[in-house]
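Results of the structural survey
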Amino acid sequence: MNKKQKKWLLPIISSLIPVMLAFIVGSFLIMLSGYKPLEAYSALFSGALSGKIAIMNTLFATTPLILTGLATAIAFKANIYNMGVEGQLYLGAFTAAFLGFTLQGTPPVIHVFICLIGGALSGMLFALIPAILKAFFNVNEMVVTLMLNYAAILFTTYLASFPFKAPGASNATTIDILPSAELPRFFQGSQLNGGFIVAIGVFIMVWFLINKMKLGYEMNSIGRNIEFSEYVGMNIAKKIIVIMSISGIVAGLAGAGEILGTHRRFVSEFSPDYGWTGLTIALLGKHNPVGVLAGALLFGILKNGGSSMELMVGVPRSLIDVIQGLIILFLAVDFLIHHFSLVTKLKERFNRKKVA
Amino acid sequence: MNNIEVVNLTKKFGDFVAINGINLEVKKGEIHAICGENGAGKSTLMNMLFGLIEPSSGQIFINGEEVHFQSPKEAIHQGIGMVHQHFKLVPSLTVYENILLGEEIVKGFKIQQRKEYEEVQKTIDHYNFDLNGKDKIQDISVGAQQRVEIIKMLHRNVDILILDEPSAVLTPQETDELLDNLIALRNSGKTIIIITHKLDEVKKCADRITVIRHGKFIGTVNNKDVNQQEIAKMMVGRDVKLDLQKEDSERGNVVLLAKNINAYSDSGSQVLYDVSMNVHEGEIVGIAGVEGNGQSFLMNALSGMLKLESGEIIYQDNSINDKSPQALRDMKIGLVPEDRYLHGLNSTMSIRDNLIAGYHWRKQFCDFGVLQQKEIAHHAKDLIERFDIRNCDNTSLEVGSLSGGNAQKIVIAREMSMNPNLLILSQPTRGVDIGSIEFIHQQIIEFRRKKKAVIVISSELSEVMTLSDRIYVMYKGRVIGERLTKQTSKEEIGVLMAGITDGEAKFGE
Ligand SMILES: Nc1ncnc2c1ncn2[C@@H]1O[C@H](COP(=O)(O)OP(=O)(O)OP(=O)(O)O)[C@@H](O)[C@H]1O
Ligand SMILES: [Mg+2]
């Protein structure tokens, strides 16, 4: 095997291992509950992938995950921990909904764009808080982004509960957005909508950014060795701000897309942890856009196939949560091994030795 | 009798043959030096003897018995110890605790501290090493830390000691002490294998010398039968000029002028005191000094990484006090930092990406924010050829897989290729083999010929003497002397480096 192949293969294998392990452990759990694992898994995959409608629904489930996965991965690439994708997503979602139901008389396509841009910008502005704190005051972004999630969720819930609550609604939701702001569905029978196109468009841009652009080069360099990057003249503070902004934009778009394409109004606490699933996907995809796409697809399959597994074999849908949890667990183990022991230490020794 | 015998040993990394059928015999009770260019395979060979790397094929015999080490532990058990260049000591622990790390003397659940200390001190005293078992690692010098590593091995009763470039991190005085210690160890019956690029050290201590080149065995010779020139020739395969010829410089205008700069380190202690210096067009200025006398801080101050407390640095008539590293690069100042793997290179990034770092935003490589991959690949190929960087045909490989000397050439190639007006190099040839040193030195002199200014910071006195037209000597954060190279001697500079001055005479300006 030549070296080039190896470079590709290793990360793929190391991403597949936690997934395989999760499925293996999952199959024991299925057996323990008195079902046949093979049957359950084949129901899961055929439910998600056999037939046009099934595939479209899987892509529908994949859509927000592509964006939250990319948002996390962009920051990760530069060794910045944006744990606030969930919060940025909520702000993006609310802004999109607000623009969606207020801007009467805007032409359809333009209205959608305005809402998307508004969502993206609010995600960005929200991400700027931890970015500025990190860049200029050296405040750990992990803590700040984590805390701000609660602020964002509570704030948008407040907005949807009081000032913008739809008259007569029993729960905290706003009124519907105008038809001109809706991302259209493609076919009847599936909720797949224009949000998917947005996600794929963002994927292509992020791929290009990371692999072909100067900023991608700098993200890579900063992520691998920040001292070096500073020494060769990269303005780290500025880069942190730019990278976090882009991450926030993508997270905001994830929220906006869900509102304009799926819910068509803002529903408080609508996200089933899209941000956190995105984090898992980014780790699984090794901060690589293509990896993120594959990871998002896997989680989309799990989500969409879960119900047919329940329906056809009787294995409760919550098993899917267990499998996702197991993937996170095995990823964490893998992460620990990579970051704190063997591999890095060996590499370090190898490199240091050569300071020779 | 042969303590170690290596027969037809081969090591491949993928398709690349790092060690190619090597035969090596090391006699009991000798100091055996291993010489070879960067990337010749010296470290790889020794790592196989120490059980760190498994050979692809071939045999290793220790005292006549074939061995297959799976780990260093097994090697130590068979009496082979190795000291790496990067120490693996715990700074907050004492010397004796470090030496017994992993082999604590325990009674019940309690570590027998007193007994531990006494046993270790006994070993230290037995070998007559200048160490105190109760000192903390963080409080002792680099040379002393190395002695701890050596005692750590001796305490485990090894009779073969392998040292990989032990002097690379030492001051000249510490190196002399080390060589004395090694000779004493040999006289007490130990076998020692030492890897070093410094041929004067080889001449001073070795009994026999083995030279390898491109992973192949070239020959083993008796030290007393060869001179440095001949060893160098065996290593490189051609004649090497050990002393460099350079014509007199024609000095032009002042390029860089530092006026009374004072600076403090992060921990708040003053590290530069009233340092003034200058460098002219067409001139190489050397900064000599025993390591740790402020040279690194001076380098940082000149490269925009250390804020000045007072004073001024003027480059081509502009103050550059508060300029960022990027601004300095824009102003055509090239920087070759001291710590190659921290500041000079991004080890896990590819060779070709490393070759544009810091200049990646230039029009040539980057158009409207998009990197010009073709141009970047072409640039890499070009530099690899021009700077004779070995073993990197595939420029998408990580820089970290290159040997030390080749990695350094990457940094130098990058900085020189951008055609700066001022080049500041810190320890430009540390750990670099003799052929490459010659090459790098020639490049630096060629640079001067083009009427450029060069500052060379080096703790290697001979390097400063051969390269520089003018020398500043630093001692405890101050410039304590300035000499024209032609009007001074190694001895005089050596005296200044020790901090001894009497009546200063100034030159230059
Ligand atoms: N783990 C590895 N994977 C791939 N190549 C390697 C590896 N280790 C070493 N090499 C290659 O093997 C060759 C020999 O390396 P080695 O470190 O033994 O050289 P060396 O003689 O010690 O050089 P130096 O004097 O620079 O320390 C180099 O070309 C290096 O790039
Ligand atoms: Mg080596």
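Residues numbered from 1 in each chain as written. Chains lettered and ligands numbered in written order. Predicted model: local features only at pLDDT ≥ 70, side-chain atom pairs only at ≥ 80, totals over all residues. Heavy atoms only, no water.

As annotated in an unreviewed UniProt entry, chain B is ABC transporter ATP-binding protein from Peribacillus loiseleuriae.

1. Re the domain arrangement of chain A
All names here are of chain A. To be explicit about the condition: For every domain, the bounds stem from an assignment made automatically or drawn from a database. The contact rule is simple, with two residues in contact once any of their heavy atoms fall within 4.5 Å. Each of two parts loses accessible area, computed with a 1.4 Å probe, when they are put together; buried area is these two losses added. Each reported salt bridge corresponds to a side-chain nitrogen of Lys or Arg within 4 Å of a carboxyl oxygen of Asp or Glu. Between N or O atoms, a polar contact is any pair within 3.5 Å; within protein, one atom must be a potential hydrogen donor and the other a potential acceptor, and residues adjacent in sequence are included only when both atoms are from side chains. Secondary structure elements are taken from DSSP: a helix is a run of H or I of four residues or more, a strand is a run of E of two residues or more, and numbering for both begins at the N terminus.
Segmentation of chain A into domains returns domain 1 (1-35 + 315-356) and domain 2 (50-305). Between the C-alpha centres of domain 1 and domain 2 there is a distance of 26 Å. Taken together, the contacts link 14 residues of domain 1 with 8 residues of domain 2. For the pair domain 1 and domain 2, the two sides together bury roughly 1000 Å², of which 75% comes from carbon and sulfur. The tally of links between domain 1 and domain 2 comes to 0 salt bridges. Inspection of the region where domain 1 meets domain 2 yields 2 residue pairs in polar contact (both at pLDDT 80 or more). Broken down by secondary-structure element, the contributors of at least two residues to the side of domain 1 that touches domain 2 are α1 (3-32) and α13 (318-340).

2. Concerning the pairing of strand β15 (residues 283-288) of chain B
Residues and elements named next belong to chain B. To keep things clear, this is the line we draw: Each residue's exposure class comes from its accessible area (1.4 Å probe, protein chains only) as a fraction of the maximum for that residue type: buried when under 20%, exposed when over 50%, partly exposed otherwise. A strand pair is defined by DSSP finding two or more bridges across the two strands.
Counted residue by residue, β15 has 6 buried out of 6 residues, so it is predominantly covered. Covered by surrounding structure in β15 are Glu283, Val285 and Ile287 together with Ile284, Gly286 and Ala288, the residues of both alternating faces. Note: β15 against strand β22 (residues 453-457), 5 bridges, orientation parallel. When the bridges of β22 are listed, valine 285 appears paired with isoleucine 455. Taken together, the 4 bridges between β15 and strand β23 (residues 470-475) define a ladder with parallel strand orientation. Of the residues in β23, the one forming a bridge with valine 285 is arginine 470.

3. Points about the pattern of salt bridges
All names here are of chain B. This structure, assessed with the given rule, holds 25 salt bridges over all chains. The closest approach of N and O atoms between glutamate 30 and arginine 208, which form a salt bridge, is 2.9 Å. Placement of glutamate 30 in the loop between β2 (16-27) and β3 (31-35) and of arginine 208 in strand β11 (residues 208-213) is noted, with a sequence separation of 178 residues between them. Aspartate 382 is the partner of arginine 386 in a salt bridge, and the nearest nitrogen-oxygen pair spans 3.2 Å. With arginine 386 and aspartate 382 both in helix α13 (residues 373-386), this residue pair falls 4 residues apart, about one helical turn. Given the relative accessible area of 33%, aspartate 382 is considered partly exposed. One salt-bridge network, in which partners are shared between bridges, spans Glu247, Glu446, Arg448, Arg449 and Asp469.

4. With respect to helix α10 (residues 236-263) of chain A
Residue and element names in this part refer to chain A. The following threshold applies: The span expected for a helix works out to 1.5 Å for each residue beyond the first.
Along its 28 residues, α10 runs 39 Å from first to last C-alpha, staying within 8% of the 40 Å computed at 1.5 Å per residue. Across the 28 residues that make up α10, a large majority, 23, are buried. At the C-terminal side of α10, arginine 264 shows a positive phi close to 60°.

5. Regarding the environment of A:Phe126
Residues and elements named next belong to chain A. Inspection of the secondary structure assignment puts phenylalanine 126 in helix α5 (residues 108-137). As a C-alpha pair, phenylalanine 126 and serine 245 span 119 residues in sequence and 8.6 Å in three-dimensional space. Leaving out residues up to four positions away in the same chain, phenylalanine 126 has contacts with Gly87, Gln88, Leu91, Leu148 and Ala152.

6. Some remarks on the domain arrangement of chain B
Residues and elements named next belong to chain B. Assigned domains of chain B: these are domain 1 (2-236) and domain 2 (254-347 + 421-506). Using only C-alpha atoms to locate each centre, domain 1 and domain 2 end up separated by 33 Å. In this complex, domain 1 contributes 15 residues to the contact, which on the side of domain 2 involves 11 residues. Carbon and sulfur atoms supply 58% of the area buried between domain 1 and domain 2, which totals about 900 Å² over both sides. Seen at the junction of domain 1 and domain 2, the total is 1 salt bridge. Taken together, domain 1 and domain 2 are joined by 3 residue pairs in polar contact (both at pLDDT 80 or more). Elements with a minimum of two residues in the side of domain 1 that touches domain 2: α6 (172-187) and α8 (228-236). At 3 residues, the largest contribution of residues to the side of domain 1 that touches domain 2 is made by α8.

7. Focus: the sheet that holds strand β9 (residues 160-164) of chain B
All names here are of chain B. How we decide: Geometry is summarised by axes, namely lines fitted to C-alpha atoms with helices restricted to the contacting stretch, and by angles between N-to-C directions that run from 0 to 180 degrees.
Taken in spatial order, the 6 strands make up an open sheet running β6-β9-β10-β3-β11-β12, and their pairing is mixed. Taken across any chain shown, the strands that pair with only one partner, and hence form the sheet edges, are β6 (80-83) and β12 (216-222). Across the sheet, the mean angle separating the axes of adjacent strands is 20° when strand polarity is ignored. Inspection of the sheet shows β11 paired to β12 by 6 bridges, in the antiparallel sense. Paired with arginine 208 across the bridge in β12 is asparagine 222.

8. Things to note about the nonpolar core
Residues and elements named next belong to chain A. Quick note on the threshold: Throughout this description, the term nonpolar core refers to a set of buried Ala, Val, Leu, Ile, Met, Phe, Trp, Tyr and Cys residues connected via side-chain atoms within 4.5 Å.
If you look at the biggest cluster of nonpolar residues, it comprises 107 residues, and the most contacted ones within it are Phe266, Phe270 and Ile327. Looking at this core, the element that brings in the most residues is α10, giving 13 residues. Counting the residues that make up this core, at least three belong to each of domain 1 (1-35 + 315-356) and domain 2 (50-305). Once you skip the residues sitting within four places of it in the chain, phenylalanine 270 turns out to touch Leu89, Tyr90, Ala93, Glu258, Ile259 and His263.

9. Thoughts on the UniProt feature "domain: ABC transporter" (unreviewed entry) in chain B
For the record, the criterion: UniProt positions are given in the numbering used here, feature names are shortened, and annotations may be inferred rather than shown by experiment.
Annotation from UniProt places "domain: ABC transporter" (unreviewed entry) at residues 4-239 and 256-501 of chain B. Note that residues 4-239 of chain B is 33% helix and 28% strand, and that its end C-alpha atoms are spaced 31 Å apart.

10. Regarding the sheet that holds strand β1 (residues 2-13) of chain B
Residue and element names in this part refer to chain B. Strand order across the open sheet formed by 4 strands is β2-β1-β4-β5, with antiparallel pairing between neighbours. In this open sheet, the two edge strands, each paired with only one partner strand, are β2 and β5 (65-67). Neighbour to neighbour, the strand axes of the sheet diverge by 25° on average, direction disregarded. Where strand β4 (residues 57-62) meets β5, 3 bridges bridge the pair, whose relative direction is antiparallel. Across the sheet, the residue bridging to isoleucine 60 is valine 67, located in β5.

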